[in-house]
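# Coordinate inspection notes
Listed below, chain by chain, are the residues.
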Amino acid sequence: MLFPTVLHRPRRPRGKRWKNMNRESEYKQILAENSKKLRREMTQEERHLWYDFLKKLPVSVYRQKVFCHYIVDFYIAKEKIIIELDGLQHGEEKNQQADVMRDDYFNKNGYKVLRYTNKQINSNFEGVCKDILWHLKIEESDLWGGESASIVIVQKWRTLIRRLRRHLPHLR
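Thresholds applied
Residues numbered from 1 in each chain as written. Predicted model: local features only at pLDDT ≥ 70, side-chain atom pairs only at ≥ 80, totals over all residues. Heavy atoms only, no water. Helix = DSSP H or I, 4+ residues; strand = E, 2+ residues; numbered from the N terminus. Buried < 20%, exposed > 50% of the residue type's maximum accessible area, 1.4 Å probe, protein only. Areas by Shrake-Rupley, 256 points an atom, 1.4 Å probe, with all protein chains shown as cover. Pairing = 2+ DSSP bridges. Axes fitted to C-alpha atoms, helices over the stretch in contact; angles between N-to-C directions. Core = buried A, V, L, I, M, F, W, Y, C linked by side-chain atoms within 4.5 Å. Contact = heavy atoms within 4.5 Å. Phe/Tyr/Trp six-rings, centres within 6.5 Å; stacked < 30°, edge-to-face > 60°. Lys NZ or Arg CZ within 6 Å of the ring centre and 35° of its normal. Salt bridge = Lys/Arg side-chain N within 4 Å of Asp/Glu carboxyl O. Patch = residues over 30% accessible without salt bridge, like charges linked within 9 Å, V, L, I, M, F, W, Y side chains within 5 Å. pLDDT = per-residue confidence, 0-100.

## Focus on the overall build of the protein
Scanning the protein from N- to C-terminus turns up 6 helices and 4 strands. The helix and strand sequence of the protein, counted from the amino end, reads α-α-β-β-β-α-β-α-α-α. Looking at the protein as a whole, 30% of its 172 residues are labelled buried. Carbon and sulfur atoms provide 52% of the accessible area of the protein, an area that totals close to 12800 Å².

So this is what it looks like as structure tokens:
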């Protein structure tokens, strides 16, 4: 007989280690799905920081990156810098304690955590950008051909407004 009459599936491993590995892989899969969802549904402040500044930096910046059992807002691998934007929920004591634990975990593993509030992004965007550049050790003159970040942002907003007026005649 060339072929067995009954094909047996290999037995799956048993015990605590297999159960934990299965749960861990499921947990990583859930984190990856949440990370993708967060990339699609960024807050207004995250979108502003990403599209108007971080995306144009000469270093690789990752959005909603999974680290162990955390998802960070932005990660710059070259300098091991994590950028977190804090909304109103981070003002609560329970969330502040969780943030401290998170920061301790990252600091122990050699990462630098930069935290900015949504209010800072909205009211002092240029200051936040300059602070990030300082931590990256990049001179502002190295970017955008020597122009300051605020000039470039103003020019981009003017271009956007011109395009909107062209396509939406009722805004003229």
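Picking up after the structure, the text goes on.
## A few points about the sheet that holds strand E4 (residues 112-117)
In space, the 4 strands of this open sheet follow the order E1-E2-E3-E4, with mixed pairing throughout. The sheet is open, and its two edges are formed by strand E1 (61-67) and E4, each paired on a single side. The average undirected angle you get between the axes of adjacent strands in this sheet is 40 degrees. Note that strand E3 (residues 81-86) and E4 share 6 bridges and pair parallel. Bridge assignment links Ile81 to a residue of E4, and that residue is Lys112.

## Describing the nonpolar core
Within the largest apolar cluster, 23 residues are counted, with the highest numbers of intra-cluster contacts made by Leu49, Phe53, Leu54, Ile83 and Ile132. At the level of elements, helix H2 (44-52), strand E2 (70-76), E3, E4 and helix H5 (125-136) are the ones that each hand at least two residues to this core. The biggest single contributor to this core is H5, with 6 residues. If we skip the residues at most four places from it in the chain, Leu49 touches Leu54, Phe74, Ile83, Leu85, Ile121, Phe125, Val128 and Ile132. The next biggest cluster of nonpolar side chains, apart from the first, holds 8 residues, and it includes Phe67, Val72, Phe106 and Val113.

## Here's the deal with the packing of aromatic side chains
For the structure on display, the rule yields 10 aromatic pairs. Relative to Phe106, the ring of Phe67 has its centre 5.9 Å away and its plane inclined at 80 degrees; by these criteria the two rings are edge-to-face. Taken together, the residues span a long stretch of sequence, with Phe67 in strand E1 and Phe106 in helix H3 (residues 93-108) at a distance of 39 residues. Here the aromatic cluster, defined as three or more aromatic residues joined through ring pairs, consists of Tyr62, Phe67, Tyr70, Tyr75, Tyr105, Phe106 and Tyr111. Across from the ring centre of Tyr62, 5.6 Å away, lies the NZ or CZ of Lys65, which sits over that ring. Over the aromatic face of Tyr111 sits the side chain of Lys80, whose NZ or CZ is 4.7 Å from the ring centroid.

## Some points on the pattern of salt bridges
Note on pairing: side chains with opposite charge can pair once their charged atoms come close. On inspection of all chains with the given rule, the structure shows 6 salt bridges. Salt bridges sharing partners connect three or more residues here, namely Asp86, Asp99, Asp103 and Arg115.

## Focus on a nonpolar patch on the surface
Taken together, the side chains of Leu160, Leu164 and Leu168 make up a nonpolar region of the molecular surface, amounting to roughly 220 Å² of accessible area. Note on Leu164: relative accessible area 38%, which makes it partly exposed.

## Concerning the confidence of the model for the protein
Taken as a whole, the protein shows an average pLDDT of 76; of its residues, 69% reach a score of 70 or greater. Predicted confidence is poor over residues 1-10, with pLDDT under 50, and the contacts of this stretch with residues over four places away or in other chains come to 0 contacts.

## Concerning the pairing of E2
For E2, a buried count of 7 out of 7 residues is recorded, marking the element as mostly surrounded by other parts of the structure. Pairing analysis gives 6 bridges linking E1 to E2, with the strands arranged antiparallel. Counted as the bridge partner of Phe67 is Tyr70 from E2. Linking E1 back to E2 in an antiparallel pair, the connection comprises 2 residues, with Cys68 at a positive phi of about 50 degrees. Sheet topology note: the E2/E3 ladder contains 3 bridges and is antiparallel.

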